[in-house]
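So the chains spell out like this:
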Amino acid sequence: MSTEFNERLSEPFGHQAQIWIVGTREQVNHIISEMYVRQMITDRSQFSPMVPAPFAQGKFMSVLMR
């Protein structure tokens, strides 16, 4: 991870586990929906809003805080 990216993270994560999904917009949406259908999450809003991945051109990312 670059220092620039770490500075963009607004909240310190402390010891919370995280699940990062990185891929095309369609892939990220599909995985979030699949996790909801399989009841791994109770609400899609548990994921951060989808943003362009700063380390992969043309890819998007979303983070689940557990």
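Below is a summary of the structure that appears in this document. (Residues numbered from 1 in each chain as written. Predicted model: local features only at pLDDT ≥ 70, side-chain atom pairs only at ≥ 80, totals over all residues. Heavy atoms only, no water.)

Within this structure, the stated rule accounts for zero aromatic pairs. Here the guanidinium or amino end of Arg25 rests over the ring plane of Phe60, the centre of that ring lying 4.2 Å away. (Phe/Tyr/Trp six-rings, centres within 6.5 Å; stacked < 30°, edge-to-face > 60°. Lys NZ or Arg CZ within 6 Å of the ring centre and 35° of its normal.)

Here we have three strands laid out as an open sheet, ordered β1-β3-β2, and antiparallel in their pairing. Single-partner strands in this sheet number two, and they are β1 (18-23) and β2 (51-52). Pairing of β1 with strand β3 (residues 60-65), which is carried by six bridges, proceeds in the antiparallel orientation. In the strand pairing of β3, Trp20 is matched with Val63. Against the sheet, helix α2 (residues 25-37) touches β1 and β3, its axis set at about 140° to β1. (Pairing = 2+ DSSP bridges. Helix = DSSP H or I, 4+ residues; strand = E, 2+ residues; numbered from the N terminus. Contact = heavy atoms within 4.5 Å. Axes fitted to C-alpha atoms, helices over the stretch in contact; angles between N-to-C directions.)

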